[in-house]
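A structural walkthrough
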Amino acid sequence: MTELNEKVWIDETINKIKNKMAWVCEKNKDKVPYTTNADGSYNDMSLSKDKGGDIDWWTNGFWGGILWLLYHDTKDCCYKDAAEVLEKKLQGCLMSYSGLNHDVGFMYMLTAVADYRFTGNKESLRDGMHAAGILAGRFNPAGKYIRAWNEYAEKAPLEGWAIIDCLMNLSLLYWASKESGDPRFKEIAMKHADMAMKYFVRNDGSVKHIIEFDPNSGEYKCSHGGQGYKHGSSWTRGQGWAIYGFVISYLHTGKQEYLEEAKKISHYCIAGINEDGLIPIDFRQPADVKLEDSCGACIIAGGLLEVSSHVSETERELYRNAAVKILRTISQTRADWSEESDAIVQNCSVAYHDNGRHIPLVYADYFFIEAMYKLREDEVFMW
Ligand code: GLY
């Protein structure tokens, strides 16, 4: 793609995003979307559990992230107002506490912290710091990892589980140290990132999803396949969390090993991108299985773009071109620009072995929109 063509595509795609989000925001301003219902309209996670909602759900901040990105671009108060409605709903989770886990990073970076950054709102600062305290409180000093999930119905207690996704949540800790001047949050984040380098990343640049430690002694016990195809495979969204997560740790700490780790995982992913730019659910799923994850695709693209902005001029294109290939495929073949669906990005998959395959997921839209703004070089960084 020539430079001019690329610029035209970026501008056209951002215009399509703005056209779609104007009515999507108006229609869903009181909701907390996760996926779409059969009629294409967003569901609402702020409903009670018996009506299909779950206000503690880990993805509930992404709608806020979308709204703040659009507000930053358009200055249209409809986005800010809807973001504030969501933020108020998530305030309740801090009070009830029991449903929260390590994903408070995703939930509060894109809501309370974003609000504080954009408006200076002191209540939002307070909520962001509370969330950071909850995340820091999940640190296990013996194993030097942040505990991921809480009780998980069909499995054993999860005190010893750390998962690759958590690298993205560390931005909340880096932010809290910067905001408060207290180095403890950053120390915890770096200890977790160091642990992740040691236990999650394989020599070929692929990453595992779950590592289990003995929560008392801190000793390594085993790994689990998690949301990927099987034990020993390589769940693509997890690769995306790892690229993006390590580069976040690099940019908040300057520790070169984190950037090198992000590059190594990027090389593994770039080698696995299909000819057509689509991303499977797992890079090691059987060759004849045509399952894909557009959500993993957008996260990998976002991570690659971030890597590209921290490497030398000579290396930059490798990462940027791969990201552009993925995002062009999404915008041209997996994006719904019509009014048939409230979501833009289609064909996302919750996990390899899960009914939620090839559905819209709100965080795919978030990472797609974020990546397009990154390509336009907007001065906005949410992590
Ligand atoms: N647990 C985060 C994810 O599904 O990507």
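Each value, and the rule that gives it
- Residues numbered from 1 in each chain as written.
- Predicted model: local features only at pLDDT ≥ 70, side-chain atom pairs only at ≥ 80, totals over all residues.
- Heavy atoms only, no water.
- Near = heavy atom within 4 Å.
- Polar contact = N/O pair within 3.5 Å; in protein donor to acceptor, adjacent residues only side chain to side chain.
- Areas by Shrake-Rupley, 256 points an atom, 1.4 Å probe, with all protein chains shown as cover.
- Nonpolar A, V, L, I, M, F, W, Y, C, P; charged D, E, K, R; others polar.
- Helix = DSSP H or I, 4+ residues; strand = E, 2+ residues; numbered from the N terminus.
- Buried < 20%, exposed > 50% of the residue type's maximum accessible area, 1.4 Å probe, protein only.
- Contact = heavy atoms within 4.5 Å.
- Axes fitted to C-alpha atoms, helices over the stretch in contact; angles between N-to-C directions.
- Parallel < 35°, antiparallel > 145°, perpendicular 65-115°, else oblique.
- Left-handed = near helix turned anticlockwise from the far one by under 90°.

With that settled, the discussion passes to the site of the ligand. The ligand sits among W58, D165, Q227, W235, R237 and W241. Contacts to the ligand include R237, whose side-chain N or O atom sits 2.7 Å from an oxygen atom. W241 is positioned such that a nitrogen or oxygen atom in its side chain is 2.9 Å from an oxygen atom of the ligand. In isolation the ligand has 200 Å² of accessible area, and contact with the protein removes 95% of it. For the shell around the ligand, the class distribution of residues is three nonpolar, one polar and two charged.

Turning to the side chain of K263, a few remarks are in order. With respect to the helices and strands, the residue K263 is situated in helix α9 (residues 256-272). Classification of K263 by relative accessible area gives buried; the value is 12%. With near-sequence residues (within four places) excluded, K263 lies in contact with V307, V311, E315 and Y319.

Okay, the packing of helix α3 (residues 77-96) against helix α5 (residues 122-136) next. Where α3 contacts α5, the two axes come as close as 11 Å, and the packing angle between them is 40 degrees. Put simply, α3 runs oblique to α5. Judged by the sense of rotation from one axis to the other, the crossing of α3 with α5 is left-handed. Note on element contacts: α5 touches α3 through E123, S124, R126, D127, H130, A131 and I134, opposite E87, K88, Q91 and L94.

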